[in-house]
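Next come the chains, spelled out residue by residue.
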Amino acid sequence: LLAACGWQRSLLALAALAVVIRLFMFRQLRALWLCVLVLWKYMQSAWEAKRLCEEDAKRFLSARYRVLAFLGARGLRQLGGVWPKVGQYMSTQGDKWPDEVLAELRKL
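This text gives an overview of the structure that appears in the document.

Our focus in this paragraph is the pattern of salt bridges. Opposite charge on two side chains allows them to pair when their charged atoms are near. Inspection of the entire model under this criterion finds five salt bridges. In this structure, Arg59 and Glu55 form a salt bridge, with 3.2 Å as the shortest nitrogen-oxygen distance. Of the two residues, Arg59 and Glu55 are both situated in helix H2 (residues 54-79); the distance of four residues between them amounts to about one turn of the helix. You can call Glu55 exposed: its relative accessible area is 56%. Note that Lys107 and Glu104 form a salt bridge whose closest N and O atoms lie 3.5 Å from each other. Judged by its relative accessible area of 12%, Glu104 falls in the buried class.

Within the fold, Pro84 resides in helix H3 (residues 83-91). Residue Pro84 is classed as buried on the basis of its relative accessible area, which comes to 19%. Spatially, the C-alpha atom of Pro84 lies 6.1 Å from that of Leu108, the residues being 24 residues apart in sequence. Apart from the residues lying within four places of it in its own chain, the contact partners of Pro84 are Leu76, Arg77 and Leu108.

So, how was this worked out
- Residues numbered from 1 in each chain as written.
- Predicted model: local features only at pLDDT ≥ 70, side-chain atom pairs only at ≥ 80, totals over all residues.
- Heavy atoms only, no water.
- Salt bridge = Lys/Arg side-chain N within 4 Å of Asp/Glu carboxyl O.
- Helix = DSSP H or I, 4+ residues; strand = E, 2+ residues; numbered from the N terminus.
- Buried < 20%, exposed > 50% of the residue type's maximum accessible area, 1.4 Å probe, protein only.
- Contact = heavy atoms within 4.5 Å.

Below, the structure written as structure tokens:
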């Protein structure tokens, strides 16, 4: 490996760069997919809660929202860049999100 010619070293460096970029993109895609799944489960939870009595629905939604908020905040952190700031902005929208979600988004 160390005795490789100049063009072979360049080729190895290019291959290593391609692997690093692919791993980075995979992490980004995985985090984005996690955020999409969290939003889907958020909507699905409201549908599932309609089948329960009022007290059970509140307990169910509170527990589900805590888990989803944790996973969503984790996904936003993994995405990096501007996405944690988007989560912080979402935490200021108190009338659009449950309290459990807002509490987790405020930690970003």
